[in-house]
Amino acid sequence: MRMTMLKENLELVEKRIAEACARAGRAREDVTLIAVSKTKPASVLREAYDLGVRDFGENYVQELSDKMETLPKDIRWHMIGHLQRNKVRFIAGKTELIHAVDSYRLAEEINIQAKKRRTTVPILIEVNIAGEASKFGISAEDTILLAEEIAGLENVRIKGLMLIAPYVSDPEENRVHFQKMKQLSVDIADKNIDNVSMEILSMGMTGDYTVAIEEGATMVRVGTGIFGERNYNRRKA
Ligand SMILES: *Cc1c(COP(=O)(O)O)cnc(C)c1O
C-alpha cells in the first residue's frame, strides 16, 4: 500500500471522528480509534505505526501472534474476532483487550489462562443487540446475568460492551442499535456489580463509526476505511 494513501485515509478518518465528537459534544480523547489490520501484512501495520497508530485490531489468533512478534512492543493489540476456547492460551495476557466474549465458558478459560500467568485480562461482552441469527454475541436480555456470572472470576475484568452491528447500506439504520447498546451499558453500570465497569463501548466500523460516536462509542474499529479493501485469499491462516 502506498504510504501517502494510508496517510490520507488516516487523516480523513481522524477528521470524521473529530467532527462526530464535536456534533455530540464529546471530547476527542474519549474515543479510541482501533485500526483493524486483519489480512494486512506486518509491513503495512508498520507504516501505520510510523504514522502514529498504536491500537491495532486483529481477528485471528495465529495472525495476531505472528504480528505481535515482529512489530514494536508498545502496540496495544485488540483481539476483536470470535475467540475459540482452545486458542485462549496463545493470547491471554498479551492483548490490551479481548472484545468479543459472549459466554461464561469462554470467560472461564480466559480466567484459567490469566491465573497461570498471574495477571488479569480485560474483556468486553459482545452483545447481539439486533438479535441477528447469524451473529455471535449474547442477547440484550441475558447480558446482565452473564456480566454477574463473569464478575465472579478473579482474573477477568469486564470493562464494557462490544457490538458488531448489522451490515447496512445506510448507517442511520444502525443508530437505534447503538442507542440500545448505550442504554444497556448504563443499566449495567447502575447495578454496581463488583469487578464490572462499563467505561468502554466498542461499536462502529467503517460504514457507521460516526453514528456510533454520536451515540456514545468509546472505541471504534475501522479497517477498510484505513487500509482499503481486504483480500482474504492472502491471509495466512
Ligand atoms: C473486520 C472487522 C472490523 C472492521 O471492519 P471494516 O468494515 O473494514 O471497518 C471491525 N470489527 C470487527 C469485529 C471486525 O471483524
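On to helix α2 (residues 42-50), then. Helical geometry: 3.6 residues make up each α-helical turn, so side chains three or four residues apart lie on a common side. For α2, the full list of buried residues reads Val44, Leu45, Glu47, Ala48 and Tyr49. Tucked into the core, α2 has its buried residues touching α1 (3-24), β2 (55-58), α3 (61-70), β3 (76-79) and α9 (224-227). The first or second residue beyond α2 is Gly52, which carries a positive phi of 110°.

Let us look at the site of the ligand. Lys38, Asn59, Thr206, Gly223 and Thr224 are the nearest of the 13 residues found near the ligand. The protein chains hide 89% of the 390 Å² of surface that the ligand would expose on its own. Grouping the amino acids of the shell around the ligand by side-chain chemistry returns six nonpolar, four polar and three charged.

Throughout the structure, instances matching the rule amount to 14 salt bridges. Note that Lys15 and Glu19 form a salt bridge whose closest N and O atoms lie 3.2 Å from each other. Taken together, the residues Lys15 and Glu19, both in helix α1 and four residues apart, mark about one turn of the helix. Across the salt bridge formed by Arg175 and Glu172, the nearest N and O atoms sit 2.8 Å from each other. Because the salt bridges share partners, they merge into one network encompassing Arg23, Glu172, Arg175, Glu214 and Glu215.

A surface patch of like charges, here positive, comprises Arg89, Lys94, Lys116 and Arg117. Here Arg89 lies in helix α4 (residues 88-91). Under the relative-accessibility criterion, Arg89 is labelled partly exposed at 43%.

Another aspect to go through is the nonpolar core. Grouped together as the largest cluster of nonpolar side chains are 66 residues, with contacts concentrated most on Phe56 and Ile150. With near-sequence residues (within four places) excluded, Phe56 lies in contact with Ile34, Ala35, Ser37, Leu45, Ala48, Tyr49, Ile75, Arg76, Trp77, His78 and Phe227. Membership of the second largest hydrophobic core comes to seven residues, among which are Ile34, Ala100, Ile200 and Met219.

Structurally, the position occupied by Glu8 is in helix α1. Spatially, the C-alpha atom of Glu8 lies 19 Å from that of Asp208, the residues being 200 residues apart in sequence.

With that settled, consider helix α7 (residues 175-190). Taking 1.5 Å of rise per residue, the 16 residues of α7 would be expected to cover 22 Å, and the 23 Å separating its terminal C-alpha atoms lies within 8% of that figure. Looking one or two residues beyond α7, the residue adopting positive phi is Asn192, at roughly 50°.

Take the pairing of β2 next. Each regular strand shows side chains that alternate between the opposite faces of the sheet. With burial as the criterion, each face of β2 is covered, one bearing Asp55 and Gly57 and the other bearing Phe56 and Glu58. As paired strands, strand β1 (residues 32-36) and β2 are joined by two bridges and run parallel to one another. Along β2, the bridge assignment pairs Ala35 with Phe56. Inspection of the sheet shows β2 paired to β3 by four bridges, in the parallel sense. Paired with Asp55 across the bridge in β3 is Arg76. In this region the chain leaves β2, passes through α3 and returns to the parallel neighbour β3; the handedness of that crossover is right-handed.

What follows is about the environment of Phe136. Its place among the elements puts Phe136 in the loop between β5 (121-126) and α6 (140-150). Each C-alpha atom of the pair Phe136 and His177 lies 15 Å from the other, and the pair is 41 residues apart in sequence. Contact partners of Phe136, with chain neighbours within four places excluded, come to His82, Asp102, Glu126 and Asn128.

Analysis parameters
- Residues numbered from 1 in each chain as written.
- Predicted model: local features only at pLDDT ≥ 70, side-chain atom pairs only at ≥ 80, totals over all residues.
- Heavy atoms only, no water.
- Buried < 20%, exposed > 50% of the residue type's maximum accessible area, 1.4 Å probe, protein only.
- Helix = DSSP H or I, 4+ residues; strand = E, 2+ residues; numbered from the N terminus.
- Contact = heavy atoms within 4.5 Å.
- Near = heavy atom within 4 Å.
- Areas by Shrake-Rupley, 256 points an atom, 1.4 Å probe, with all protein chains shown as cover.
- Nonpolar A, V, L, I, M, F, W, Y, C, P; charged D, E, K, R; others polar.
- Salt bridge = Lys/Arg side-chain N within 4 Å of Asp/Glu carboxyl O.
- Patch = residues over 30% accessible without salt bridge, like charges linked within 9 Å, V, L, I, M, F, W, Y side chains within 5 Å.
- Lys, Arg positive; Asp, Glu negative; His and termini not counted.
- Charge placed at Lys NZ, Arg CZ, Asp CG, Glu CD.
- Core = buried A, V, L, I, M, F, W, Y, C linked by side-chain atoms within 4.5 Å.
- Expected span 1.5 Å × (residues − 1).
- Pairing = 2+ DSSP bridges.
- Right-handed = clockwise from strand over helix to strand, strands pointing away.

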